[in-house]
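Residue strings, one per chain:
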Amino acid sequence: MTPVKLQKLINDLPVSWECETDIPDITIHSIQFDSRKVKKGDLFVAESGGSVDGHNFIQNAVENGAVAVVGTRQMSIPNAPYIRVEDAREALAYLAASYYDHPARKLTMIGVTGTDGKTTTSNLIHHILKTAGIQAGMISTVNAVIGDEEIDTGFHVTTPEATDIQRYLSRMVDAGLSTVVLETTSHGLAQHRVTGCEYDIAVVTNI
């Protein structure tokens, strides 16, 4: 992925933010919410939730090479600009969409949600589209299908993280696909994992 200017990412945010300094002219090579995965040139987003608070790992992220940090606490940090937002998960999703140049805007997005039957329904729709000659991809709790390639999406229980979803969508755009079926769990909606996907069609199996 081509690196993106921090100014572009922050100015593209559709939510309120504040920074004690001007946004510097620096380049972002990747966006991470796990400090252990941060490398030189990355943007670290400090999420809070469950038993882990990402703000406690900001120093680790900077030491690993983070050149900017996004979080929700009122604070300042040395050696990197700190951008404060109201909801770090929401900001992460929008930042990821911007980093990958808003791939959902270039695709027909079909979201499938409901209590039961999401994975089955997503697969059925994906198969129908491909049989009809439509260049379609799919992202489910089980895998991501990009052309003839299948990628395991992880735990098989919920929607992938926002950074992963946007990366998959970007790859689908690059592969020349026109349509994507995105299985959308309640966690995916509540935790902003699908924020920035800009659905065109919604499918509800049952509630």
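Here is a short report on the structure shown in this document. Residue indices follow the written sequence of each chain, beginning from 1 at its first position. With the structure being a predicted model, the display of local features is reserved for residues of pLDDT at least 70 and the display and counting of side-chain atom pairs for 80 or more, all residues being used for whole-chain, interface and lining totals. Remark: hydrogens and water are excluded; side-chain values derive from all non-hydrogen atoms of the structure.

### Focus: the overall build of the protein chain
Part 1 of the reasoning: For the protein chain, the helix and strand inventory stands at six helices and 15 strands.
Part 2 of the reasoning: For the radius of gyration, the atoms used are the C-alpha atoms, and the globule rule reads 2.2 Å times the number of residues raised to 0.38. Here the C-alpha radius of gyration of the protein chain, 18 Å, is about what a compact globule of 207 residues would show, namely 17 Å.
Part 3 of the reasoning: By principal-axis analysis of the C-alpha atoms, the protein chain measures approximately 55 × 35 × 30 Å.
Part 4 of the reasoning: Burial status across the protein chain gives 49% buried among its 207 residues. Helix numbering and strand numbering both begin at the N terminus, where a helix is a DSSP run of H or I of at least 4 residues and a strand a DSSP run of E of at least 2. Categorising residues by exposure relies on relative accessible area from a 1.4 Å probe, with only protein chains included: less than 20% of the type maximum marks a residue as buried, more than 50% marks it as exposed, and the intermediate range marks it as partly exposed.

### Some words on the packing of helix H3 (residues 88-99) against helix H5 (residues 162-174)
To describe two helices that pack against each other, one gives the angle between their axes and the distance between the axes.
Part 1 of the reasoning: Geometry is summarised by axes, namely lines fitted to C-alpha atoms with helices restricted to the contacting stretch, and by angles between N-to-C directions that run from 0 to 180 degrees. Relative orientation of the contacting elements H3 and H5 amounts to 20°, with a least axis distance of 9 Å. Taken together, the axes of H3 and H5 lie roughly parallel to each other. Judged by the twist between their axes, the crossing of H3 over H5 is right-handed. Residues Leu-92, Ala-93, Ala-96 and Ala-97 of H3 form the contact with H5, whose own contacting residues are Ala-162, Thr-163 and Gln-166. For this classification, under 35 degrees means roughly parallel, over 145 means roughly antiparallel, 65 to 115 means roughly perpendicular, and everything else is oblique. Handedness of a crossing is defined here by the sense of rotation of the near helix relative to the far one, left-handed for an anticlockwise turn of less than a right angle and right-handed for a clockwise turn. Contacts between residues were defined by any pair of non-hydrogen atoms, one from each residue, lying within 4.5 Å.

### Notes on unusual backbone geometry
Part 1 of the reasoning: With a phi angle near 65°, Asp-101 is a residue other than glycine that sits in the positive phi range.
Part 2 of the reasoning: Its place among the elements puts Asp-101 in the loop between H3 and strand S10 (108-113).
Part 3 of the reasoning: According to the relative accessible area criterion, Asp-101 is partly exposed, its value standing at 43%.
Part 4 of the reasoning: Located in the positive-phi region is His-192, a residue other than glycine, with phi close to 60°.
Part 5 of the reasoning: Within the fold, His-192 resides in the loop between helix H6 (186-190) and strand S15 (201-204).

### Here's the deal with helix H4 (residues 118-131)
Given 3.6 residues to a turn, an α-helix orients residues that are three or four positions apart in the same direction.
Part 1 of the reasoning: Helix length check: H4, at 14 residues, gives a terminal C-alpha distance of 20 Å against a target of 20 Å (1.5 Å per residue), a fit within 8%.
Part 2 of the reasoning: Tucked inside the fold, the buried residues of H4 contact S10, strand S11 (136-139), strand S12 (143-146), strand S14 (179-183) and S15.
Part 3 of the reasoning: Looking one or two residues beyond H4, the residue adopting positive phi is Gly-133, at roughly 85°. Multiplying 1.5 Å by the residue count of a helix minus one yields the expected span of that helix.

### Notes on the pattern of salt bridges
Part 1 of the reasoning: Between Lys or Arg on one side and Asp or Glu on the other, a salt bridge is scored when a side-chain nitrogen of the former is within 4 Å of a carboxyl oxygen of the latter. Inspection of the entire model under this criterion finds 13 salt bridges.
Part 2 of the reasoning: One salt bridge in this structure joins Glu-149 and Arg-171, with 2.5 Å as the shortest N-O distance. Taken together, the residues span a long stretch of sequence, with Glu-149 in strand S13 (residues 149-152) and Arg-171 in helix H5 at a distance of 22 residues.
Part 3 of the reasoning: One salt bridge connects Arg-167 with Asp-164, and the closest N-O pair in it is separated by 3.0 Å. Remark: Asp-164 and Arg-167 occur in helix H5; sequence separation between them is three residues, near one turn of the helix.
Part 4 of the reasoning: A residue is classified by how much of its surface remains accessible, and Asp-164, at 23% relative accessible area, is partly exposed.

### Digging into the side chain of Arg-193
Part 1 of the reasoning: For Arg-193, the location among the structural elements is in the loop between H6 and S15.
Part 2 of the reasoning: Within the local environment of Arg-193, its side chain forms a polar contact with the side chain of Glu-161, the two groups lying 3.4 Å apart.
Part 3 of the reasoning: Setting aside chain neighbours within four positions, we find Arg-193 in contact with Thr-158, Thr-159, Pro-160, Glu-161, Ala-162, Ile-165 and Gly-188. In protein, a polar contact requires one atom able to donate a hydrogen and another able to accept it; more generally it is a pair of N or O atoms within 3.5 Å, and residues adjacent in sequence count only if both atoms are side-chain atoms.

### A short note on the sheet that holds S14
One key point about sheets: their strands pair by backbone hydrogen bonds, in either a parallel or an antiparallel sense.
Part 1 of the reasoning: Strand order across the open sheet formed by six strands is S13-S12-S11-S14-S10-S15, with mixed pairing between neighbours. Two strands lie at the open edges of the sheet, namely S13 and S15, each paired on one side alone. Averaged over all adjacent pairs, the angle separating strand axes in this sheet is 15°, with direction ignored.
Part 2 of the reasoning: With four bridges joining them, S11 and S14 adopt parallel strand pairing. Paired with Met-138 across the strands is Val-181, a residue of S14.
Part 3 of the reasoning: Helix-sheet contacts for H4 involve S10, S11, S12, S14 and S15, and the interaxial angle to S14 is about 170°. Here, any two strands with at least 2 DSSP bridges between them count as paired.

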